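# Structural features, examined
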Amino acid sequence: MTRQLFIPLTLLVVVGFLIGPFLIIVAASFSAGDTLAFPPQGFSLKWIAKVFTVESFRESFAMSMFLAIGGTFTALLLGIPASYAMSRYKLPLSETVRTIVSAPIIVPGIIVGLALLRYFVVPFGIGITLALFLAHTALILPYAVRVVSASLNNLRSDIEEAAVLLGSSRLGAFFRVVLPNIRGGILSAFILGFVTSFNQVPVSLFLSGPGVRTLPIDMLGYMEIVFDPSVAALSSLLAFLSIGIVFLAERFLGFSRYV
(Lines give C-alpha, C1' and ligand atoms only; values in the text may rest on other atoms or scores of the structure.)
Protein backbone atom coordinates (compact mmCIF):
# COMPACT_ATOMS: atom_id res chain seq x y z
CA MET A 1 0.00 0.00 0.00
CA THR A 2 2.86 2.33 0.88
CA ARG A 3 4.55 1.66 -2.45
CA GLN A 4 1.28 2.28 -4.31
CA LEU A 5 1.03 5.71 -2.69
CA PHE A 6 4.73 6.56 -3.03
CA ILE A 7 4.85 6.39 -6.84
CA PRO A 8 1.84 8.71 -7.47
CA LEU A 9 3.08 11.17 -4.84
CA THR A 10 6.54 11.20 -6.41
CA LEU A 11 5.06 11.88 -9.83
CA LEU A 12 2.91 14.63 -8.37
CA VAL A 13 5.94 16.31 -6.77
CA VAL A 14 7.94 16.08 -10.00
CA VAL A 15 5.11 17.50 -12.11
CA GLY A 16 4.53 20.28 -9.59
CA PHE A 17 8.23 21.13 -9.58
CA LEU A 18 8.28 21.34 -13.38
CA ILE A 19 5.10 23.27 -14.07
CA GLY A 20 4.70 25.11 -10.77
CA PRO A 21 6.77 28.17 -11.78
CA PHE A 22 4.94 28.35 -15.10
CA LEU A 23 1.55 28.33 -13.38
CA ILE A 24 2.70 31.07 -10.99
CA ILE A 25 3.80 33.29 -13.88
CA VAL A 26 0.52 32.71 -15.72
CA ALA A 27 -1.49 33.59 -12.62
CA ALA A 28 0.61 36.71 -12.00
CA SER A 29 0.06 37.90 -15.57
CA PHE A 30 -3.66 38.30 -14.87
CA SER A 31 -3.11 40.37 -11.72
CA ALA A 32 -4.97 43.65 -11.33
CA GLY A 33 -2.17 45.15 -9.23
CA ASP A 34 0.57 47.49 -10.45
CA THR A 35 3.49 45.32 -9.36
CA LEU A 36 4.46 41.74 -10.11
CA ALA A 37 3.22 39.69 -7.16
CA PHE A 38 1.83 36.29 -6.25
CA PRO A 39 -0.92 35.62 -5.30
CA PRO A 40 -2.35 38.00 -7.92
CA GLN A 41 -4.15 41.09 -6.69
CA GLY A 42 -7.50 40.57 -8.38
CA PHE A 43 -8.11 39.66 -12.02
CA SER A 44 -7.44 41.86 -15.03
CA LEU A 45 -6.44 41.59 -18.69
CA LYS A 46 -4.78 45.01 -18.80
CA TRP A 47 -1.24 43.63 -18.67
CA ILE A 48 -1.94 41.26 -21.55
CA ALA A 49 -3.14 44.26 -23.54
CA LYS A 50 -0.15 46.38 -22.49
CA VAL A 51 2.28 43.86 -24.00
CA PHE A 52 1.10 44.87 -27.49
CA THR A 53 1.54 48.59 -26.80
CA VAL A 54 5.20 48.57 -25.71
CA GLU A 55 7.25 49.65 -28.72
CA SER A 56 10.47 47.96 -27.61
CA PHE A 57 8.64 44.64 -27.31
CA ARG A 58 7.34 44.96 -30.86
CA GLU A 59 10.78 45.81 -32.25
CA SER A 60 12.60 43.07 -30.36
CA PHE A 61 9.88 40.58 -31.31
CA ALA A 62 10.45 41.42 -34.98
CA MET A 63 14.20 40.92 -34.49
CA SER A 64 13.67 37.58 -32.76
CA MET A 65 11.37 36.43 -35.56
CA PHE A 66 13.94 37.47 -38.17
CA LEU A 67 16.73 35.60 -36.40
CA ALA A 68 14.61 32.51 -35.72
CA ILE A 69 13.20 32.17 -39.24
CA GLY A 70 16.29 33.34 -41.14
CA GLY A 71 18.73 31.44 -38.96
CA THR A 72 16.70 28.24 -39.19
CA PHE A 73 16.42 28.45 -42.98
CA THR A 74 20.17 29.03 -43.27
CA ALA A 75 20.94 26.19 -40.86
CA LEU A 76 18.76 23.85 -42.90
CA LEU A 77 20.40 24.92 -46.15
CA LEU A 78 23.75 23.98 -44.63
CA GLY A 79 22.57 21.05 -42.54
CA ILE A 80 20.62 19.07 -45.13
CA PRO A 81 23.55 18.59 -47.56
CA ALA A 82 25.91 17.90 -44.64
CA SER A 83 23.52 15.32 -43.18
CA TYR A 84 23.08 13.69 -46.58
CA ALA A 85 26.83 13.44 -47.15
CA MET A 86 27.49 11.94 -43.70
CA SER A 87 24.56 9.50 -43.99
CA ARG A 88 25.10 8.26 -47.54
CA TYR A 89 28.89 8.33 -47.95
CA LYS A 90 31.77 7.05 -45.86
CA LEU A 91 33.68 10.28 -45.60
CA PRO A 92 36.99 10.58 -43.78
CA LEU A 93 36.70 12.16 -40.33
CA SER A 94 32.91 12.19 -40.61
CA GLU A 95 32.53 11.49 -36.88
CA THR A 96 34.94 14.31 -36.09
CA VAL A 97 32.90 16.67 -38.25
CA ARG A 98 29.71 15.52 -36.54
CA THR A 99 31.28 16.20 -33.13
CA ILE A 100 32.42 19.68 -34.18
CA VAL A 101 28.97 20.49 -35.55
CA SER A 102 27.41 19.37 -32.25
CA ALA A 103 29.76 21.56 -30.19
CA PRO A 104 27.29 24.46 -29.75
CA ILE A 105 24.93 22.04 -27.97
CA ILE A 106 27.61 20.65 -25.66
CA VAL A 107 29.39 23.90 -24.77
CA PRO A 108 27.46 26.23 -22.41
CA GLY A 109 25.83 29.12 -24.25
CA ILE A 110 27.54 31.78 -22.12
CA ILE A 111 30.94 30.47 -23.23
CA VAL A 112 29.86 30.40 -26.87
CA GLY A 113 28.62 33.99 -26.63
CA LEU A 114 31.79 35.25 -24.96
CA ALA A 115 34.02 33.43 -27.46
CA LEU A 116 32.13 34.80 -30.45
CA LEU A 117 32.28 38.33 -29.04
CA ARG A 118 35.97 38.24 -28.12
CA TYR A 119 37.48 36.34 -31.04
CA PHE A 120 35.04 36.88 -33.89
CA VAL A 121 32.88 39.98 -33.58
CA VAL A 122 35.32 42.47 -32.04
CA PRO A 123 38.44 41.66 -34.13
CA PHE A 124 36.55 41.72 -37.44
CA GLY A 125 34.20 44.58 -36.61
CA ILE A 126 31.06 42.64 -37.50
CA GLY A 127 27.74 44.46 -37.07
CA ILE A 128 25.38 43.49 -34.26
CA THR A 129 22.60 42.18 -36.49
CA LEU A 130 24.95 40.09 -38.61
CA ALA A 131 26.71 38.76 -35.50
CA LEU A 132 23.40 37.68 -33.97
CA PHE A 133 22.33 36.09 -37.24
CA LEU A 134 25.55 34.08 -37.58
CA ALA A 135 25.48 33.05 -33.92
CA HIS A 136 21.87 31.87 -34.04
CA THR A 137 22.56 29.96 -37.27
CA ALA A 138 25.52 28.22 -35.62
CA LEU A 139 23.38 27.32 -32.60
CA ILE A 140 20.58 25.88 -34.74
CA LEU A 141 22.84 23.93 -37.12
CA PRO A 142 23.45 20.99 -34.72
CA TYR A 143 19.72 20.45 -34.30
CA ALA A 144 19.19 20.57 -38.06
CA VAL A 145 21.95 18.02 -38.67
CA ARG A 146 20.74 15.71 -35.91
CA VAL A 147 17.07 15.66 -36.89
CA VAL A 148 17.64 15.45 -40.65
CA SER A 149 20.25 12.72 -40.16
CA ALA A 150 17.73 10.69 -38.18
CA SER A 151 15.23 10.99 -41.04
CA LEU A 152 17.85 9.99 -43.62
CA ASN A 153 18.90 6.98 -41.57
CA ASN A 154 15.29 5.83 -41.52
CA LEU A 155 15.01 6.17 -45.31
CA ARG A 156 16.20 3.13 -47.21
CA SER A 157 18.99 4.06 -49.60
CA ASP A 158 17.85 1.51 -52.21
CA ILE A 159 14.80 3.68 -52.93
CA GLU A 160 17.11 6.43 -54.11
CA GLU A 161 19.24 3.93 -56.03
CA ALA A 162 16.14 2.63 -57.79
CA ALA A 163 15.36 6.14 -59.03
CA VAL A 164 18.91 6.45 -60.38
CA LEU A 165 18.68 3.08 -62.15
CA LEU A 166 15.43 4.19 -63.76
CA GLY A 167 17.19 7.12 -65.40
CA SER A 168 17.13 9.92 -62.87
CA SER A 169 20.29 11.87 -62.11
CA ARG A 170 21.70 11.75 -58.61
CA LEU A 171 20.62 15.37 -58.05
CA GLY A 172 17.17 14.67 -59.48
CA ALA A 173 16.76 11.65 -57.22
CA PHE A 174 17.69 13.80 -54.24
CA PHE A 175 15.02 16.41 -55.00
CA ARG A 176 12.32 14.02 -56.25
CA VAL A 177 12.79 11.08 -53.91
CA VAL A 178 14.89 11.94 -50.86
CA LEU A 179 13.52 15.37 -49.94
CA PRO A 180 9.81 14.42 -50.20
CA ASN A 181 10.43 11.40 -47.97
CA ILE A 182 12.20 13.36 -45.24
CA ARG A 183 9.96 16.44 -45.31
CA GLY A 184 8.59 15.51 -41.88
CA GLY A 185 12.09 15.56 -40.45
CA ILE A 186 12.87 18.86 -42.16
CA LEU A 187 9.73 20.47 -40.76
CA SER A 188 10.51 19.08 -37.31
CA ALA A 189 14.06 20.47 -37.54
CA PHE A 190 12.64 23.85 -38.54
CA ILE A 191 10.27 23.95 -35.58
CA LEU A 192 12.94 22.84 -33.13
CA GLY A 193 15.40 25.37 -34.52
CA PHE A 194 12.81 28.16 -34.45
CA VAL A 195 11.92 27.56 -30.80
CA THR A 196 15.59 27.23 -29.83
CA SER A 197 16.55 30.49 -31.53
CA PHE A 198 13.55 32.46 -30.33
CA ASN A 199 14.16 31.54 -26.68
CA GLN A 200 17.96 31.95 -26.82
CA VAL A 201 19.39 34.10 -24.01
CA PRO A 202 23.10 33.52 -23.16
CA VAL A 203 24.56 34.06 -26.65
CA SER A 204 22.18 36.92 -27.46
CA LEU A 205 23.08 38.61 -24.18
CA PHE A 206 26.71 39.02 -25.26
CA LEU A 207 25.98 40.01 -28.86
CA SER A 208 23.09 42.45 -28.40
CA GLY A 209 23.77 46.19 -28.65
CA PRO A 210 22.11 49.61 -28.71
CA GLY A 211 18.87 49.45 -30.67
CA VAL A 212 19.33 45.76 -31.55
CA ARG A 213 17.92 43.29 -29.05
CA THR A 214 16.11 40.01 -29.13
CA LEU A 215 12.86 39.74 -27.21
CA PRO A 216 14.23 37.73 -24.22
CA ILE A 217 17.07 40.25 -23.77
CA ASP A 218 14.63 43.16 -24.05
CA MET A 219 12.48 41.56 -21.37
CA LEU A 220 15.49 41.36 -19.04
CA GLY A 221 16.28 45.03 -19.65
CA TYR A 222 12.65 46.01 -19.11
CA MET A 223 12.56 44.29 -15.71
CA GLU A 224 15.58 46.32 -14.57
CA ILE A 225 13.49 49.48 -14.92
CA VAL A 226 9.85 48.45 -14.50
CA PHE A 227 8.55 45.70 -12.24
CA ASP A 228 4.97 45.34 -13.40
CA PRO A 229 3.13 42.14 -14.49
CA SER A 230 3.52 42.92 -18.21
CA VAL A 231 6.70 40.81 -18.38
CA ALA A 232 4.81 37.93 -16.78
CA ALA A 233 2.03 38.40 -19.34
CA LEU A 234 4.53 38.38 -22.21
CA SER A 235 6.26 35.31 -20.75
CA SER A 236 2.93 33.50 -20.60
CA LEU A 237 2.14 34.37 -24.21
CA LEU A 238 5.55 33.13 -25.37
CA ALA A 239 5.26 29.95 -23.33
CA PHE A 240 1.84 29.17 -24.81
CA LEU A 241 3.21 29.92 -28.28
CA SER A 242 6.08 27.44 -27.80
CA ILE A 243 3.78 24.81 -26.33
CA GLY A 244 1.34 25.27 -29.21
CA ILE A 245 4.07 24.89 -31.83
CA VAL A 246 5.45 21.72 -30.22
CA PHE A 247 1.94 20.28 -29.74
CA LEU A 248 1.04 20.84 -33.39
CA ALA A 249 4.35 19.33 -34.47
CA GLU A 250 3.74 16.24 -32.35
CA ARG A 251 0.11 16.00 -33.45
CA PHE A 252 0.60 16.32 -37.20
CA LEU A 253 4.26 15.39 -37.78
CA GLY A 254 5.07 12.84 -35.11
CA PHE A 255 7.77 15.18 -33.81
CA SER A 256 9.23 12.66 -31.33
CA ARG A 257 10.15 10.27 -34.15
CA TYR A 258 12.75 12.68 -35.49
CA VAL A 259 14.32 13.91 -32.25
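Note that the structure is a prediction, hence the values are computed from the model and not measured. (Residues numbered from 1 in each chain as written. Predicted model: local features only at pLDDT ≥ 70, side-chain atom pairs only at ≥ 80, totals over all residues. Heavy atoms only, no water.)

## Some remarks on the overall build of the protein chain
The criterion, for reference: Numbered from the N terminus, helices here are DSSP runs of H or I no shorter than four residues, and strands are runs of E no shorter than two. Accessibility throughout is a Shrake-Rupley quantity obtained with a 1.4 Å probe, and a residue counts as covered only by protein chains that appear here. Charge assignment: positive for Lys and Arg, negative for Asp and Glu; neither His nor the chain ends contribute. Taken as the charge location is NZ of Lys, CZ of Arg, CG of Asp or CD of Glu.
If you tally the helices and strands in the protein chain, you get 13 helices and zero strands. Going from the N terminus to the C terminus, the protein chain shows its helices and strands as α-α-α-α-α-α-α-α-α-α-α-α-α. Projected onto its principal axes, the C-alpha positions of the protein chain cover 70 × 65 × 30 Å. Carbon and sulfur atoms provide 73% of the accessible area of the protein chain, an area that totals close to 15,000 Å². Here the protein chain contributes 16 positive and 11 negative side-chain charges, whose respective centroids are spaced 10 Å apart.

## Let's talk about the environment of K90
Put simply, the rule reads: The cut-offs for exposure are 20% and 50% of the maximum accessible area for each residue type, with area from a 1.4 Å probe on protein chains only; residues under the lower value are buried, those over the upper are exposed, and the others partly exposed.
Turning to its location among the elements, K90 is positioned in the loop between helix 3 (55–88) and helix 4 (94–101). With a relative accessible area of 88%, K90 lands in the exposed category. As a C-alpha pair, K90 and L76 span 14 residues in sequence and 21 Å in three-dimensional space.

## Here we look at the side chain of Q200
Let me state the cut-off plainly: Contacts between residues were defined by any pair of non-hydrogen atoms, one from each residue, lying within 4.5 Å.
Relative to the helices and strands, Q200 is located in the loop between helix 10 (183–198) and helix 11 (202–207). Discounting chain neighbours no more than four positions away, the residues touching Q200 are H136, L139, T214 and P216.

## Some words on the confidence of the model for the protein chain
Convention followed: What pLDDT reports is the predictor's confidence in each residue, on a scale of 0 through 100.
Confidence in the prediction of the protein chain, expressed as mean pLDDT, is 79, and 93% of residues score 70 or more. The weakest mean pLDDT in the protein chain belongs to helix 4 at 72; the strongest belongs to helix 3 at 87.

## Focus: the packing of helix 7 (residues 128–154) against helix 10
A pair of packed helices can be characterised by two numbers: the angle between their axes and the separation between those axes. Stated precisely, the cut-off is as follows: In this description, a line fitted to the C-alpha atoms serves as the axis of each element, helices being fitted only across the stretch in contact, and the angle between N-to-C directions of two axes falls anywhere from 0 to 180 degrees. Oblique is the label for any angle not covered by the other classes, which are roughly parallel (under 35 degrees), roughly antiparallel (over 145) and roughly perpendicular (65 to 115). Two helices cross in a left-handed way if the nearer one is turned anticlockwise from the farther one by less than a right angle. They cross in a right-handed way if the turn is clockwise. Amino acids are sorted into nonpolar (Ala, Val, Leu, Ile, Met, Phe, Trp, Tyr, Cys and Pro), charged (Asp, Glu, Lys and Arg) and polar (every other residue, Gly among them).
Where helix 7 contacts helix 10, the two axes come as close as 9 Å, and the packing angle between them is 155°. Between helix 7 and helix 10, the angle is such that the two are roughly antiparallel. The two elements helix 7 and helix 10 cross, and the hand of that crossing is right-handed. Together, H136, I140, Y143, A144, V147, V148 and S151 of helix 7 and G185, I186, S188, A189, L192, G193, T196 and S197 of helix 10 make up the contact between the two elements. The residue makeup of the contact of helix 7 with helix 10, split by class, is eight nonpolar, seven polar and no charged.

## Points about a nonpolar patch on the surface
Counted only if it meets this: Each patch is built from residues lacking any salt bridge and having more than 30% relative accessible area; the joining distance is 9 Å for like charges and 5 Å for nonpolar side chains (Val, Leu, Ile, Met, Phe, Trp, Tyr). Each salt bridge in this description consists of a side-chain nitrogen of Lys or Arg and a carboxyl oxygen of Asp or Glu lying within 4 Å of one another.
A contiguous nonpolar surface patch, about 600 Å² in accessible area, is contributed by V14, V15, F17, L18, I19 and L23. Turning to its location among the elements, F17 is positioned in helix 1 (residues 2–29).

## Comments concerning helix 6 (residues 109–124)
The α-helix winds at 3.6 residues per turn, so residues separated by three or four positions along the chain end up facing the same way. Where we set the bar: Each helix should span, by expectation, one fewer than its residue count multiplied by 1.5 Å. Here the bend at each residue means the angle between axes fitted to two seven-residue stretches, the one ending at that residue and the one beginning there.
A rise of 1.5 Å per residue sets the reference length of helix 6, with its 16 residues, at 22 Å; its end C-alpha atoms lie 21 Å apart and thus fit the reference within 8%. Along its length, helix 6 shows its largest kink, about 40°, at L117. Elements that come into contact with the buried residues of helix 6 comprise helix 7 and helix 11. With its phi angle positive at about 60°, G125 sits one or two positions after the end of helix 6.

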